[in-house]
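# Residue-level structure breakdown
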Amino acid sequence: MSHHYQAVNWNRQKRIYDSLLGLAVVGGVALFAGVTFVAHPFATFESALIRGLGLAGFLLLHFILMIGPAARLDRRFLPVLYNRRHLGVTLGLLSVAHAGFVIVQYHALGNLDPLVSLFTANRDWTSLANFPFEIFGAIALAVLVLMAVTSHDYWLSVLTPPVWKALHMAVYGAYVSLIFHVGLGFLQDERHPIYFAALVSGVVLVGGLHLAAALRERRLDQEISQAEWVPVCRPEDIVEGRAKIGTIGLERVAVFKHQGRLSAVTNVCKHQGGPLGEGKIVDGCITCPWHGYQFRPEDGRSPPPFQDSVATFDLRMANGQVLVRRTPNPAGTLVQPVTPEPSADRADPEPFYVGYHPAAPAPLARFNRTAIVTMLVLSGGLIGAFAFAQRTFDPSHYEFGAPRVVSGTLRAAPFPILEVDSGSSVRQYLLAGAGKFGAQRIVAAFDGRRVRVEGQLAYRGNGRLLEIASVTPADGATLGPEPLIDLGSFRLEGEIVDSKCYLGVMNPGRGKTHRGCAARCLSGGMTPLFAARNFNGASIELVVVNQQMSPFPPLGRMAGQSLALTGRVLRRGDLWLFQVSGGLPPS
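First things first, this report covers the structure right here in the doc. What you see is a predicted model; the values in this text were computed from it and never measured.

### Regarding the overall build of the protein chain
Per the secondary structure count, the protein chain includes 15 helices and 21 strands. In terms of overall size, the protein chain is more extended than a compact globule, its C-alpha atoms giving a radius of gyration of 33 Å where 587 residues would be expected to give roughly 25 Å. With the C-alpha coordinates of the protein chain rotated into their principal frame, the extents come out at 110 × 45 × 40 Å. By sequence separation, contacts in the protein chain at least 24 residues apart represent 67% of the contacts at least 6 residues apart. For the protein chain, the centre of its 53 positive side-chain charges and the centre of its 42 negative side-chain charges are spaced 1 Å apart.

Here is the structure:
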């Protein structure tokens, strides 16, 4: 409601505010994706979108947490604070979008329910480096969505202001959870110093602003007296129609001057805890600067037809000081205003402005426009730098939407492979099913036969994989088995990955953030690869088999972490295999 007791509906100021917010968010995500594709042409759209949404939400959360203490330190930031709920709802939507794409991309289309997969793909609870960072993201998501859903005044009324305020203070818990989510997830894969420096700087900035605001407020507070009547100010210190804020015990009290008489109420607005003492008396009522809620100074009641009320305080004059009784009266209690000795009225130091009203003073409007433009430019610079600094996108390709037909001899063991005579050599294609499933069931009836495979090709270096759309018998002679060449025993360091994502269907298809997806793919029968480095330092991908040249049990638990494995390196045509000695190390 406004000072004329009209509902504040979707006015021009709100439209401008939300339009700018929407454009900033969409522009930020688009900027991140654009720089990513220019600087890293092998990046996949899904990965760029997931990272862009996460970054936009994380930056927005920092702004939400900083604007409160910034407004305490400089009142010119208050117009942005008045509309902070819009930022919170936008953050909730960004969080849902980020989480939704993550769940669909990394955990859907597999052999487990996506939510079950999210919480069970990684169970390394005892390792800090491998700790399941997803749990922290889920905690933050729950808090941010709950805050967005309860942002409407309906929930403020139903939950009561104290409960509503306590609930929304959980945003600090969400922030801490997101710090762990990013630090134990994204920062484990992307090691560029800019990310760690930005994360630490953000924490220092948020914490520093809150500390500075707290210290300033503490300096403004008076010494807490144990007397029943506490001095707050001198009557001449209060501007007509305005208030002086004092500390009584652990509570802030606002002493207002109206028509030369003094009244005292709590400084906390019943609506959202706004600072009544920073408001002004309009039409005989204290008007909160946040959303225009009003209360009569003498009894703390909203005028009819509204029924809200705030606590009042007894006050008296002594030795030229305004004294306020420590104990508050019940909300809505009438207290006769006190008339002090006559004194010269002070000039009102600044125009009064309610957050949603269009009558912002010109200097204040200019300051906020400059601050917002500066913030957008800095955020754009950060987003561009973050996108450019990514290093986990490897050269790979996925011919999505462009199926090709390949004919050759199909081998079902140890994993489905299509052998194709390319003239001077035999080219080998790994085979995969749709979604996060291998091709074993699809090709079982065609083992050793010449077939015609239609599918979409993914390739990286010398590795090739066909995502099967159909398999049919084909005419022509079958190829004889390629000889298996033993190249000796080696100890290799690397990472177990699923062949489908790693060879190009998803990029990056490795690392800790991809671990959940790799776990689903490998448990669904996808051919496991050991992505390692050879003695020249070049990357090499080897199909992992056991001593009997058979598949290990699903290796999803081993994915996404650095491993050192010993075994024999074998070659069959242009396909490399790694026959691991003994068992695998515990995850």
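### Here we look at the sheet that holds strand β8 (residues 312-313)
Taken together, four strands build an open sheet; the order of strands is β2-β3-β4-β8 and the sheet is antiparallel. In this open sheet, the two strands that pair with only one neighbour each are β2 (243-248) and β8. With two bridges joining them, strand β4 (residues 261-266) and β8 adopt antiparallel strand pairing. Paired with valine 265 across the two strands is threonine 312, which belongs to β8.

### Thoughts on the pairing of strand β10 (residues 321-325)
Judged from the four bridges that link them, strand β1 (residues 229-233) and β10 form a sheet pairing that is antiparallel. From the neighbouring strand, valine 230 faces β10, where its bridge partner is valine 324. In this structure, the hairpin formed by strand β9 (residues 315-318) and β10 is closed by a connection of two residues, where asparagine 319 is found at a positive phi of approximately 55°.

### Structural notes on the nonpolar core
One finds Phe58, Leu60, Leu61, Leu87, Tyr175, Val265 and Leu276 to be the most contacted residues of the largest nonpolar core, which totals 56 residues. In this view, phenylalanine 58 contacts Tyr175, Leu178, Ile179, Val182 and Leu199; residues no more than four positions away in its chain are not counted. Counting residues in hydrophobic clusters, the runner-up holds 23 residues, among them Phe415, Leu465, Cys517 and Ala531.

### Here's the deal with the sheet that holds β9
On the basis of which strands lie adjacent, the open sheet formed by three strands has the order β1-β10-β9 and antiparallel pairing. One side of each edge strand has no neighbouring strand; the edge strands of this open sheet are β1 and β9. Between one strand axis and the next, the sheet turns by 40° as a mean value, whatever way the strands run.

Calculation rules
Residue positions within a chain follow its written sequence, with the count starting from 1. Where totals are concerned, whole chains, interfaces and linings use all residues; where local detail is concerned, this predicted model gives features only for residues with pLDDT of at least 70, and gives and counts side-chain atom pairs only at 80 or more. The side-chain quantities take in all heavy atoms of the structure and omit both hydrogens and water. Note on conventions: DSSP H or I runs of at least 4 residues are helices, E runs of at least 2 residues are strands, and numbering of each starts at the N terminus. What the globule rule says is 2.2 Å times the number of residues to the power 0.38, and the radius of gyration is computed from C-alpha atoms. Residue contacts are counted whenever heavy atoms from the two residues lie within 4.5 Å of one another. This count recognises Lys and Arg as positive and Asp and Glu as negative, with His and chain-terminal groups excluded. To locate a charge, take NZ of a lysine, CZ of an arginine, CG of an aspartate or CD of a glutamate. Strands pair, by our definition, only if DSSP identifies at least two bridges between them. Working definition of a nonpolar core: buried Ala, Val, Leu, Ile, Met, Phe, Trp, Tyr and Cys residues. They are joined through side-chain atoms within 4.5 Å. With a 1.4 Å probe rolled over the protein chains alone, any residue whose accessible area is under 20% of its type maximum counts as buried; one over 50% counts as exposed, and the rest are partly exposed. Helix axes use the C-alpha atoms of the stretch in contact, all axes being lines fitted to C-alpha atoms, and the angles between their N-to-C directions lie in the range 0 to 180 degrees.

That's the geometry; what it means functionally is another story.
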